[in-house]
Structure formats: structure tokens, C-alpha cells
Amino acid sequence: MMRKILVFILLFNLTACAELQDVVNNLPQQGGNVLSNADIAAGLRQALDKGIDKQVSKLTQKDGFFKNELVKILLPDELQKVDKGLRDIGLGNLADEGLKVLNRAAEDAVKEATPIFVSAVKDITFDDAKNILLGEDNAATQYLSNKTQTALYSKFKPVIDNSFSKVGADQIWANLIGKYNAIPFTNNVNPDLTDYVTGEALKGVYTMIAVEEKEIRNKVSSRTTDLLKKVFALQD
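Residues numbered from 1 in each chain as written. Predicted model: local features only at pLDDT ≥ 70, side-chain atom pairs only at ≥ 80, totals over all residues. Heavy atoms only, no water.

### Regarding the packing of helix α3 (residues 37-59) against helix α10 (residues 193-218)
Then, in step 1: Where α3 meets α10, the axes come as close as 8 Å, and the angle between the chain directions of the two elements is 130°. One finds that α3 runs oblique with respect to α10. Crossing hand, α3 versus α10: right-handed. Taken together, the residues of α10 that come into contact with α3 (itself represented by Ala47, Leu48, Lys50, Gly51, Ile52, Lys54, Gln55, Val56 and Leu59) are Gly204, Val205, Met208, Ile209, Val211, Glu212 and Ile216.
Then, in step 2: Class assignment of the residues belonging to the contact of α3 with α10 gives a composition of 10 nonpolar, 3 polar and 3 charged. (Axes fitted to C-alpha atoms, helices over the stretch in contact; angles between N-to-C directions. Helix = DSSP H or I, 4+ residues; strand = E, 2+ residues; numbered from the N terminus. Parallel < 35°, antiparallel > 145°, perpendicular 65-115°, else oblique. Left-handed = near helix turned anticlockwise from the far one by under 90°. Contact = heavy atoms within 4.5 Å. Nonpolar A, V, L, I, M, F, W, Y, C, P; charged D, E, K, R; others polar.)

Put into C-alpha cells, the structure is as follows:
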């Protein structure tokens, strides 16, 4: 058995870019069973489902964005001085309220994400799974991003726009950004705050999925089902 294991390790190192099924076929059998193509694809689906359920759901809660430093939405870089200026003169609470508006809108929008993610996860093929397993720590997240970004943007933007309209944030920020852009020698900022926050919300969603994917890839304790343990053992 030890000899078979050593042979497998050598083969894996020499053929990292080969077909994953060829690698799987060289695994020592456990109880006469070897992971099938369907098993491997199912394992990747479980990993993504776990990321969506555990991490993305957090973003839909109050302060899911605002109190999460990984994804908190701040002002565009060019307007950071506005935020700093408010805080420097003792108006930190006002600055926070402005940021909360942005983050609350994102929290509302992410509630629209789950059905789109579920559909994308169901479509994972063995070829997709092969590329993901042999890819980077965020390969599954990148797959999901490629499959869902356009649809999510379309879902997120109207929700965020509606959230801004309810509190008048769209008009306030459009006026502020318009005045900033009129200042000579400054780099113009996108006056469409809805577009900006929609993009930041998308980044936040994929950031949190990547957090869970990295955990599953690097920590055996995060592989909470037998299938996850078996499938991700192939990339250890």
C-alpha cells in the first residue's frame, strides 16, 4: 500500500496539468471504490454551496457589510478626503451615516443572489471541477464569478437604486460628486453612485465565497462531509 501511495504522489507531481481523471484512476482504492467524475463535480458543488450558505448569508444581515472590514464599502478613493475632512472637524457620526447608506443598500441587494448562485452551482461539469481542483485557492470562486457576475449586477442595481431613492442618497451624492468633479486638477469620480456600490457589493460577495473556499482547501476540519474530504484530498 505504501508503495502505491508513493507512486501516486510522484505521478501527481509530474502530471499536475494532466486530466484529473487520470490522476484519480491512480489513487489507491478504498474499499473497492474510486471517486467518479460525478463524485468530483458533486464535491465542488458542495464546497460552493457551503460558501454561499455560510458566508454570503452573513452579508444580508444588518451590518453584514458595514461591520465586516473585508467587504465594507467605503467612498471611492478620490473622495476619501471628504470622509477624512468630516472626521477631522468632529463630524465622524455624519461620515458614518453616509457610509451606512451605501452598505445597507448592498446588504439589501445580496438577498437577490442566492437563486442565481444555486443555478450556477448546479451547472458545474466534471471539466469545470477538474480545472477548479487543479487551480488556485480561489478557482471555484472565479468560476462562480464568471458564471454569475452579469446576472447579479442586473439583480443588484435596481435594489440598490431603490434603497438610495428611499433616503434621497442618490441626489445627495450626485450633487456632492458633481461639485467635486468641477474642482480643477482633480480626477473625475463616477457620479453614478448606484453603479459604484453595485460593483463593490459584487466584490464583497465573491470575497466572502473565496474565504470559505480557502478554508476548505487548506483546513481538513472545514471539510464537513465525507465527499468534501475525499474530493479535496485530491488537491492536498
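Text resumes after the structure shown.
### What to know about the nonpolar core
Then, in step 1: Membership of the largest hydrophobic core comes to 55 residues, with the highest contact counts inside it found for Leu44, Phe117, Phe156 and Val205.
Then, in step 2: For this core, the secondary structure elements donating two or more residues are α3, α5 (92-110), α6 (113-122), α7 (126-133), α8 (139-167), α10 and α11 (226-233).
Then, in step 3: Here the element with the most residues in this core is α10; it accounts for 10 residues.
Then, in step 4: Residues in contact with Phe156, not counting those within four places in the same chain, are Ala109, Val110, Ala113, Thr198, Ala201, Leu202 and Val205. (Core = buried A, V, L, I, M, F, W, Y, C linked by side-chain atoms within 4.5 Å. Buried < 20%, exposed > 50% of the residue type's maximum accessible area, 1.4 Å probe, protein only.)

### What about the pattern of salt bridges?
Then, in step 1: Inspection of the entire model under this criterion finds 10 salt bridges.
Then, in step 2: Of the charged contacts, one joins Glu212 and Lys54 as a salt bridge, the two residues approaching to 3.7 Å between their closest N and O atoms. Taken together, the residues Glu212 in helix α10 and Lys54 in helix α3 connect sequence positions 158 residues apart.
Then, in step 3: Two residues, Asp63 and Lys67, come together in a salt bridge whose shortest N-O distance is 3.6 Å.
Then, in step 4: The class of Asp63 is buried, set by a relative accessible area of 15%. (Salt bridge = Lys/Arg side-chain N within 4 Å of Asp/Glu carboxyl O.)

### Some details on a nonpolar patch on the surface
Then, in step 1: Taken together, the side chains of Ile89, Leu91 and Leu94 define a hydrophobic patch exposed on the protein surface, amounting to about 290 Å² of accessible area.
Then, in step 2: Structurally, the position occupied by Leu94 is in helix α5. (Patch = residues over 30% accessible without salt bridge, like charges linked within 9 Å, V, L, I, M, F, W, Y side chains within 5 Å. Areas by Shrake-Rupley, 256 points an atom, 1.4 Å probe, with all protein chains shown as cover.)

### As for the environment of Asn37
Then, in step 1: On the secondary structure map, Asn37 appears in helix α3.
Then, in step 2: Residues Asn37 and Thr125 lie 88 residues apart in sequence; the distance between their C-alpha atoms is 8.7 Å.

### As for unusual backbone geometry
Negative phi values dominate among residues other than glycine, just as trans dominates among peptide bonds.
Then, in step 1: We note that Asp63 has phi near 70°; this positive angle belongs to a residue other than glycine.
Then, in step 2: Here Asp63 is to be found in the loop between α3 and α4 (80-88).

### Here's the deal with α6
Since the α-helix advances by 3.6 residues per turn, residues separated by three or four positions end up pointing in the same direction.
Then, in step 1: Of all the residues in α6, the buried ones are Ala113, Ile116, Phe117, Ala120 and Val121. Summarising the axial view, the buried residues of α6 lie within an arc of 135°, below the 170-degree limit, and thus occupy one face. Opposite its buried face, α6 presents the exposed residues Pro115 and Lys122, each directed more than 90 degrees away. (Arc of directions from axis to C-beta.)

### As for the environment of Val56
Then, in step 1: Looking at where Val56 falls in the secondary structure, it is placed in helix α3.
Then, in step 2: Residues contacting Val56, with those up to four places away along its chain left out, are Gly51, Val110, Phe117, Val205 and Ile209.

### Some points on the side chain of Asp128
Then, in step 1: Here Asp128 lies in helix α7.
Then, in step 2: Here Asp128 occupies a buried position and makes no salt bridge, while the nearest side chain of opposite charge, Lys147, is found at 5.3 Å.
Then, in step 3: Only 3.0 Å separates the side chain of Asp128 from the backbone nitrogen of Thr125, close enough to count as a polar contact.
Then, in step 4: Contacts of Asp128, omitting those with residues within four sequence positions, involve Asp123 and Tyr143. (Lys, Arg positive; Asp, Glu negative; His and termini not counted. Polar contact = N/O pair within 3.5 Å; in protein donor to acceptor, adjacent residues only side chain to side chain.)

### Remarks on empty space enclosed by the protein
Then, in step 1: Enumeration according to the criterion identifies 1 cavity of 30 Å³ or more in this entry.
Then, in step 2: Approximately 60 Å³ is the volume attributed to the largest cavity.
Then, in step 3: Together, Leu44, Ala47, Leu48, Ala140, Ile209, Glu213, Ile216, Arg217 and Phe232 line the largest cavity.
Then, in step 4: For the lining of the largest cavity, the secondary structure elements donating two or more residues are α3 and α10.
Then, in step 5: Top element by residues in the lining of the largest cavity is α10. It accounts for 4 residues. (1 Å grid on protein atoms, 1.4 Å probe; cavity = no way out; pocket = protein on both sides within 12 Å on 5 of 7 lines; lining within 4 Å. Points joined across faces, edges and corners; volume = space filled by probe spheres on them.)

### Quick word on the packing of α3 against α6
Then, in step 1: The N-to-C vectors of α3 and α6 enclose an angle of 170°; their axes lie 9 Å apart at closest approach. Considering the angle they form, α3 stands roughly antiparallel to α6. Relative to α6, α3 is oriented so that their crossing is right-handed. For the pair α3 and α6, the contacting residues are Arg45, Leu48, Asp49, Ile52 and Val56 in the first and Phe117, Val121 and Lys122 in the second.

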